[in-house]
Amino acid sequence: MTAWRLAFFLYRGGPAFGPLDVHALWPALRQARPARAVSPELVALYDQRADVPVSAYAELFASARERIDILVYAAVFLHEAYPRLNDLLRERAIDGCAVRIAVGDADSANVQRRGREERFGHGIESRCRLALLHYRPLLDVPGIEVRTHGTTLYNSLYRADDQLLVNAHVFGVNAYGAPVWHLRRTGDGGMFGAYAGSFDAVWETSRPLEG
């Protein structure tokens with residue numbers, strides 16, 4: 001009996017056998033599924049945040065017409081590398097953009113745990129406090145809200161309207177060494193919608209920074 005006839009016989013079965021999967025007999029016949037195409041939402045992928053030029057953040061925020069969202073623990077590199085950040089955010093707010101900034105609460109257990117996980121000690125806590133000092137001058141600007149949060153930060157998010165930079169966090173790795181992907185909204189839902197919804201969920205748990 002040929003191999004194919006044997007396979008057909010076993011597949012059809014008999015009184016003592018139920019149908020059998022031919023691939024169990026000859027695994028080589030199983031065809032691999034084609035790889036899924038790259039999402040149309042993905043604009044660019046950076047191996048680590050350090051590879052993203054600060055101009056990318058400045059241009060992202062400058063392009064906003066309706067909304068700017070920033071979710072971080074500290075990200076003081078923005079002010080250090082681009083001293084005009086506050087001026088830019090103020091200008092966008094004056095032009096009608098709603099600006100929401102959520103910075104880590106230095107006293108929260110999750111921020112302190114992140115410092116231990118990244119072997120950075122109290123460094124993250126101190127940088128959270130420094131970030132608030134940077135943003136505090138914006139508290140009296142209409143259209144700009146600054147809050148603190150104590151959530152587990154899975155990703156830092158930098159959004160301007162329908163564009164989003166996502167800094168994925170990796171256990172034991174400082175944020176500057178973790179990947180960043182640049183997304184563009186192409187419709188409802190998708191990756192962009194998932195991250196935008198994540199920001200909103202954290203924002204609901206955050207507390208306004210007092211002047």
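Refer to the structure presented above.
Residues numbered from 1 in each chain as written. Predicted model: local features only at pLDDT ≥ 70, side-chain atom pairs only at ≥ 80, totals over all residues. Heavy atoms only, no water.

Whenever I open this one, the nonpolar core confuses me. Can you help?
With 51 residues, the main nonpolar core has Phe 61, Leu 89, Ile 101, Tyr 135, Ile 144 and Tyr 158 as its most contacted residues. The leading source of residues in this core is helix α8 (residues 190-205), at six residues. With near-sequence residues (within four places) excluded, Phe 61 lies in contact with Ile 68, Ile 70, Leu 85, Leu 88, Arg 92, Tyr 158, Arg 159 and Ala 160. (Core = buried A, V, L, I, M, F, W, Y, C linked by side-chain atoms within 4.5 Å. Buried < 20%, exposed > 50% of the residue type's maximum accessible area, 1.4 Å probe, protein only. Helix = DSSP H or I, 4+ residues; strand = E, 2+ residues; numbered from the N terminus. Contact = heavy atoms within 4.5 Å.)

Could you clarify how one ought to interpret the pattern of salt bridges in this entry?
Two side chains of opposite charge can pair, provided their charged atoms sit close to one another. Scanning the model with the defined rule gives 10 salt bridges in all. With a closest N to O distance of 3.4 Å, Glu 145 and Arg 147 form a salt bridge. One salt-bridge network, held together by shared partners, links Asp 69, Arg 100, Arg 159 and Asp 200. (Salt bridge = Lys/Arg side-chain N within 4 Å of Asp/Glu carboxyl O.)

Please explain the packing of helix α3 (residues 54-62) against helix α5 (residues 85-94) as it appears in this structure.
In helix packing, the relevant descriptors are the interaxial angle and the interaxial distance, both defined with respect to the helix axes. Two numbers describe how α3 lies on α5: the axes approach to 10 Å, and their chain directions differ by 15°. Between α3 and α5, the interaxial angle falls into the category roughly parallel. Seen from above, α3 lies across α5 with left-handed handedness. Residues Ala 58, Phe 61 and Ala 62 of α3 form the contact with α5, whose own contacting residues are Leu 85, Leu 88 and Arg 92. Among the residues making up the contact of α3 with α5, the classes are represented as five nonpolar, no polar and one charged. (Axes fitted to C-alpha atoms, helices over the stretch in contact; angles between N-to-C directions. Parallel < 35°, antiparallel > 145°, perpendicular 65-115°, else oblique. Left-handed = near helix turned anticlockwise from the far one by under 90°. Nonpolar A, V, L, I, M, F, W, Y, C, P; charged D, E, K, R; others polar.)

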